[in-house]
Structure formats: structure tokens, C-alpha cells
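Listed below, chain by chain, are the residues.
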Amino acid sequence: MEEIELKSLLQIIRKRWWAILLITIVAVAASAVYSFLIVKPIYQSNTSLYVGKNTESEAGIAYNDILLGDRLVNDYRELVKSRLISEIVINKLKLQNISASKMAEKLSVNSKKDTRLIEISATDEDPEVATAIADKVAEVFREKVTEIMQVENVQIIDKAEVPKSPIKPNKKMNLAIAGVLGLMIGFGLAFIIEYFDDTIKTPDDIQKYLDLPVVGTIPVFPDK
């Protein structure tokens, strides 16, 4: 029974292969147009900072700061994405076409596990602008976190570098996903068409749909 079902499936695929191939090609082509021509690439640049107590602080306090890393990072994240820092960065870089809220959307803050190092990331359609934003945000953050949160020791560890490739869209991933989806849709459509196709084409179809024995067949002769 399983061999018969498998044979039937292979017959359906063989009969509808052109439709499956066509749908897959259309899906990949649409993904290529979207990834290469429509969506604009987004670049990301990162800078890292050390945020902690000075060297004269007690070891116990420093250890507690590490334990409270997640809470501190949340504080730093809110400060980095605040309107205060966004407006200062916009004015210093003369990015008058960007609002403070849009600037905040471009920024993200993450922590290095079990350390007091934080990473500030900036995204933009222009890789040089993303780099400039990341560096300037780090500089402004260094000034304001000292004033607002009374942190004595803030050092910029790594300056931002101009990214060579965008972080999105992931063109290869998009093409691969489109190819898989195209195949799935193609196979599904082929099986659906075959399921609803109840026309009689072969002697086997007579036995399958009408449950009648085939006594004989009339061959088709080519016209002369």
C-alpha cells in the first residue's frame, strides 16, 4: 500500500514538475527583486565602553556592580536612547532630518556577559553615518553618565568602524527561504490540483473512480 501511495506521489510530481519549477523560480525571482532592488540595505556599527567604579573602590562594591549588570544595562540603555542624548548627537552631527525618536530607534545597548563592558550599536542606511552616530553617542554617553549616574570611571574601549557589509537584508537567506517556500507552494498546489481533478485519462482511472473493470481499450491512430 505504501509503495502504491509513493508511486502515486511520484507520478503527480512528474506530471506537474513544470508548475513546481515555475512557482519556485517566480518566488526566488521576487525575493531577489525585493532584496537587491527594493529594500534599502541597513548598516550597523558598534563601539564598546567600560563603565564602572574607579580603582579605589572596594572590591565588594565592584563585585556587586557585576551582579547587578542587567539592571545597570537597562539604565544605560534608557540613557542612551533618551531624548537628551539623541538631541545632542543630532546637533553635533548636524543631522537635522532625523528626529530624536528616530535617532533612538537606531540605537541599541548590550552588555558583555559577567563584565562591566557595554556595547553601543547604531544603524543607518549610510555606513559612515552609522559609524559617526555610534562614536558620537559613546562620547555623549560618557559625559552624561558621569553627571547623571555618578559613575566615576567610563572609558571608550573600541571606537566604531565603518561596516563593509549590511546587516540586512540577508540576501542569501532571503533567496534560500524563497526557494523553500516556492517548492512547498508548488508541491502543495500540484497535489491540490490532482486531488480535484476527477477526469478520466487512463484505464486505471476507470477502476479508481468508477470501480468498474476495463474490458478493452480503443487505441488512437494518428491522422493520415
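Residues numbered from 1 in each chain as written. Predicted model: local features only at pLDDT ≥ 70, side-chain atom pairs only at ≥ 80, totals over all residues. Heavy atoms only, no water.

Moving on, we come to the overall build of the protein. From N to C terminus, the protein includes 9 helices and 4 strands. Ordered by position in the sequence, the α and β elements of the protein form the string α-α-β-α-α-α-α-β-β-α-β-α-α. In the protein, which comprises 224 residues, the share counted as buried stands at 31%. If you take every contact in the protein between residues at least 6 apart in sequence, the share linking residues at least 24 apart comes to 74%. Summing over all exposed atoms, the protein offers an accessible surface of approximately 15600 Å²; the carbon and sulfur share of this is 59%. (Helix = DSSP H or I, 4+ residues; strand = E, 2+ residues; numbered from the N terminus. Buried < 20%, exposed > 50% of the residue type's maximum accessible area, 1.4 Å probe, protein only. Contact = heavy atoms within 4.5 Å. Areas by Shrake-Rupley, 256 points an atom, 1.4 Å probe, with all protein chains shown as cover.)

A rise of 1.5 Å per residue sets the reference length of helix 8 (residues 171–196), with its 26 residues, at 38 Å; its end C-alpha atoms lie 37 Å apart and thus fit the reference within 8%. Turning to helix 8, its buried residues are Ala178, Gly179, Gly182, Gly186, Ala190 and Glu194. (Expected span 1.5 Å × (residues − 1).)

For a regular strand, side-chain orientation follows a simple rule: the groups alternate between the two sheet faces. Where strand 2 (residues 107–111) lies against strand 3 (residues 117–124), 5 bridges are found, and the strand directions are antiparallel. In the strand pairing of strand 3, Ser108 is matched with Ser121. Where strand 2 folds back on strand 3, the antiparallel hairpin that results is connected by 5 residues, among which Asp114 adopts a positive phi of roughly 60 degrees. (Pairing = 2+ DSSP bridges.)

As a further point, take the sheet that holds strand 2. The antiparallel open sheet is built from 4 strands, whose spatial order is 2-3-1-4. The sheet terminates laterally at strand 2 and strand 4 (153–158), the two strands that pair on one side only. Taken pair by pair, the neighbouring strands of this sheet meet at an average axis angle of 25 degrees, ignoring direction. Pairing analysis gives 8 bridges linking strand 1 (residues 43–52) to strand 3, with the strands arranged antiparallel. Following the sheet pairing, Ser48 is matched in strand 3 by Glu119. Helix-sheet contacts for helix 7 (residues 127–148) involve strand 1, strand 2, strand 3 and strand 4, and the interaxial angle to strand 1 is about 20 degrees. (Axes fitted to C-alpha atoms, helices over the stretch in contact; angles between N-to-C directions.)

As a further point, take a nonpolar patch on the surface. Side chains of Trp17, Trp18, Leu21, Leu22, Ile25 and Val26 sit close together on the surface and give an oily, nonpolar patch of about 660 Å² of accessible area. In this fold, Trp17 is placed in helix 2 (residues 17–38). For Trp17, a relative accessible area of 52% gives the class exposed. (Patch = residues over 30% accessible without salt bridge, like charges linked within 9 Å, V, L, I, M, F, W, Y side chains within 5 Å. Salt bridge = Lys/Arg side-chain N within 4 Å of Asp/Glu carboxyl O.)

Take the packing of helix 5 (residues 83–93) against helix 7 next. It is at 10 Å that the axes of helix 5 and helix 7 come closest, and there the two elements cross at 135 degrees. Our classification of the angle between helix 5 and helix 7 gives oblique. Helix 7 is crossed by helix 5, and the crossing has right-handed handedness. In this structure, helix 5 contributes Leu84, Ile85, Ile88, Val89, Lys92 and Leu93 to the contact, and helix 7 contributes Ala132, Ile133, Lys136, Val137, Val140, Phe141, Glu143, Lys144 and Ile148. Residues that form the contact of helix 5 with helix 7 fall into these classes: 11 nonpolar, no polar and 4 charged. (Parallel < 35°, antiparallel > 145°, perpendicular 65-115°, else oblique. Left-handed = near helix turned anticlockwise from the far one by under 90°. Nonpolar A, V, L, I, M, F, W, Y, C, P; charged D, E, K, R; others polar.)

Moving on: the packing of aromatic side chains. Under the criterion given, the structure shown has 2 aromatic pairs. Ring geometry for Tyr76 versus Phe141: centroids 5.7 Å apart, planes at 80 degrees, classification edge-to-face. In this pair, Tyr76 sits in helix 4 (residues 69–80) while Phe141 sits in helix 7, placing the two residues 65 residues apart along the sequence. Relative accessible area serves as the criterion here: at 6%, Tyr76 is assigned to the buried category. With a centroid separation of 5.1 Å and an interplanar angle of 90 degrees, the aromatic rings of Tyr195 and Phe196 are classed as edge-to-face. (Phe/Tyr/Trp six-rings, centres within 6.5 Å; stacked < 30°, edge-to-face > 60°.)

This brings us to the nonpolar core. Of all hydrophobic cores here, the largest spans 27 residues; its most connected members are Leu49, Val51, Met103, Ile118, Val137 and Phe141. Broken down by secondary-structure element, the contributors of at least two residues to this core are strand 1, helix 4, helix 5, strand 2, strand 3 and helix 7. Tallying contributions element by element places helix 7 first for this core, with 7 residues. Each residue touching Leu49, except ones within four places of it in the same chain, is listed here: Arg116, Leu117, Ile118, Ile120, Ala138, Phe141, Val154, Gln155, Ile156 and Ile157. (Core = buried A, V, L, I, M, F, W, Y, C linked by side-chain atoms within 4.5 Å.)

An ideal rise of 1.5 Å per residue puts 32 Å on 22 residues; helix 2 measures up with 30 Å between its terminal C-alpha atoms. Restricting attention to buried positions, one finds in helix 2 the residues Ala19, Ile20, Thr24, Ser31 and Ser35. One face of helix 2 carries all of its buried residues, which in axial projection span an arc of 135 degrees. Turned more than 90 degrees off the buried face of helix 2, the exposed positions are Val26, Leu37 and Ile38. (Arc of directions from axis to C-beta.)

Function-wise, these values are silent; they only describe arrangement.
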